Amino acid sequence: MTTQDPLIDHKRRQLVLGAAGGAAALPLAWMSAIVPAHAAGMAPSTNTQGAARMTTNTVKTKDGVEIFYKDWGHGTPIVFSHGWPLSADDWDAQMMFFLQHGFRVIAHDRRGHGRSSQVGDGHDMDHYADDLAAVVQHLDLKGAIHVGHSTGGGEVVRYLARHGESRASKAVLISAVPPLMVKSATNPGGLPKDVFDGIQQQVATNRAQFYRDLPATAFYGFNRPGAKVQEGLIQKWWLQGMMGSVKAHYDGVVAFSQTDFTEDLKKINLPVLVQHGDDDQVVPYADSGPLSAKLLKHGTLKTYHGFPHGMPTTQHEVINADILAFIKG
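Note that the structure is predicted; figures quoted are calculated from it, not measured. (Residues numbered from 1 in each chain as written. Predicted model: local features only at pLDDT ≥ 70, side-chain atom pairs only at ≥ 80, totals over all residues. Heavy atoms only, no water.)

Participant: A description of the nonpolar core should follow, citing residues and the corresponding values.
Facilitator: Grouped together as the largest cluster of nonpolar side chains are 56 residues, with contacts concentrated most on Trp84, Leu160 and Leu173. Tallying contributions element by element places helix H4 (residues 125–138) first for this core, with 7 residues. Residues within four places of Leu160 in sequence aside, it is in contact with Glu165, Ala168, Ala171, Ile268 and Leu270. Ranked by size, the runner-up nonpolar core spans 25 residues in total, among them Phe98, Phe103, Ile174 and Ile319. (Core = buried A, V, L, I, M, F, W, Y, C linked by side-chain atoms within 4.5 Å. Buried < 20%, exposed > 50% of the residue type's maximum accessible area, 1.4 Å probe, protein only. Helix = DSSP H or I, 4+ residues; strand = E, 2+ residues; numbered from the N terminus. Contact = heavy atoms within 4.5 Å.)

Participant: Requested: an account of the side chain of His249, with residues and values cited.
Facilitator: When you line up the elements, His249 lands in helix H8 (residues 246–258). The contact partners of His249, leaving out residues within four places of it in the chain, are Trp84, Pro85, Gly112, His113, Val203, Arg207, Tyr211, Gly241 and Gly244.

Participant: Hey, could you go over the pairing of strand E4 (residues 104–108) for me, with residue numbers and the actual values?
Facilitator: Within E4, 5 of the 5 residues are buried, which leaves it mostly tucked inside the rest of the structure. What you see with E4 is no split at all: Arg104, Ile106 and His108 on one side and Val105 and Ala107 on the other are buried throughout. Alignment of strand E2 (residues 66–72) against E4, held across 4 bridges, turns out to be antiparallel. By the bridge assignment, Asp71 is partnered in E4 with Ile106. (Pairing = 2+ DSSP bridges.)

Participant: Account for the packing of aromatic side chains, naming residues and giving values.
Facilitator: Across all of its chains, the model carries 13 aromatic pairs by this definition. When the centroid spacing of 4.9 Å and the interplanar angle of 40° are considered together, the rings of Phe80 and Trp91 count as tilted. Of this pair, Phe80 sits in strand E3 (residues 77–81) while Trp91 is found in the loop between E3 and helix H3 (92–100), placing the two residues 11 residues apart along the sequence. By the burial criterion, Phe80 is buried, and Trp91 matches it. In this structure an aromatic cluster arises from ring pairing among Trp84, Phe196, Phe210, Tyr211, Phe219, Tyr220, Phe222, Trp237 and Phe256. Sitting over the ring of Tyr128, Arg110 keeps its end group 5.1 Å from the ring centre. When the ring centre of Phe326 is taken as reference, the NZ or CZ atom of Lys170 above it lies at 4.9 Å. (Phe/Tyr/Trp six-rings, centres within 6.5 Å; stacked < 30°, edge-to-face > 60°. Lys NZ or Arg CZ within 6 Å of the ring centre and 35° of its normal.)

Participant: Quick rundown of the pattern of salt bridges? Include the residues and the values.
Facilitator: The tally for this structure, following the rule as stated, stands at 19 salt bridges. Between Asp109 and Arg115 there is a salt bridge, with its nearest N and O atoms 2.9 Å apart. Accessibility expressed as a relative area gives 0% for Asp109, which makes it buried. One salt bridge in this structure joins Arg158 and Asp126, with 2.7 Å as the shortest N-O distance. A residue pair is termed long-range when its members are at least 10 positions apart, and Arg158 in helix H5 (residues 151–163) and Asp126 in helix H4 qualify at 32 residues. Because the salt bridges share partners, they merge into one network encompassing Asp126, Asp130, Arg158, Arg162 and Asp264. (Salt bridge = Lys/Arg side-chain N within 4 Å of Asp/Glu carboxyl O.)

Rendered as structure tokens:
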């Protein structure tokens, strides 16, 4: 048994009191920086039961892959499919917005991405669609609204064409890769294959730097004159990318660039909102959104002047409001 030094004990009390005083003062400093929920386009939470139901879990696919997903709230389900090479966390602005508006929101990490299994194979659109189907079936979702961004838009299209529409009601494609990204004889407006070969090379050799450079420039349009660079978004993008598997991301470049969704789009009977910015530097507008809308039986194209590829994050107030109007329409 030892006796506490009075001087040390006095200093410890000073540190505790100082920390408590600092913590008490923090909210006053934060208040001036906090934007009220209504000002950001988010309704104050009134669905306390729904808000309390916030779970994360995994589902095992037929080929043994563990797919991580989030499942929050109650009501009509909205299922979000993320872009390459990110994760379900890229949907933060949408998950919170639609949860606050009384929807059940679900987002999963694609195989090899985020917190899902880092398997060596199956990084193609058929497997992506099957994994999404496994989540939908596991949760027994009915009348779901599917929202896909970029590669996730391709995943949604392939899912609906491959697994049918019995569990879905509507879909939204945001800055999505369909109908086909790579240039070919039948797709003369596409990007040359060597563009995607270059992306694969950067992923394989130094993806840490590539995942810093892409969000800092073209992805969010931060390379445009007058753009307000958000360092936090860049770091969040980098973190999501580095959580995933280099093999999944390397193979995923082929999946999102060389998959032809033309016939898939023609099969879809549901109402589909196609949202695309005309300043998208990642999935160029002219060879994507307008063409998809024409191929869909019930497609509605919404063009956003000057919006970048990552507009669900940088312009989430506008994008969310338009999705909500489409859902209610």
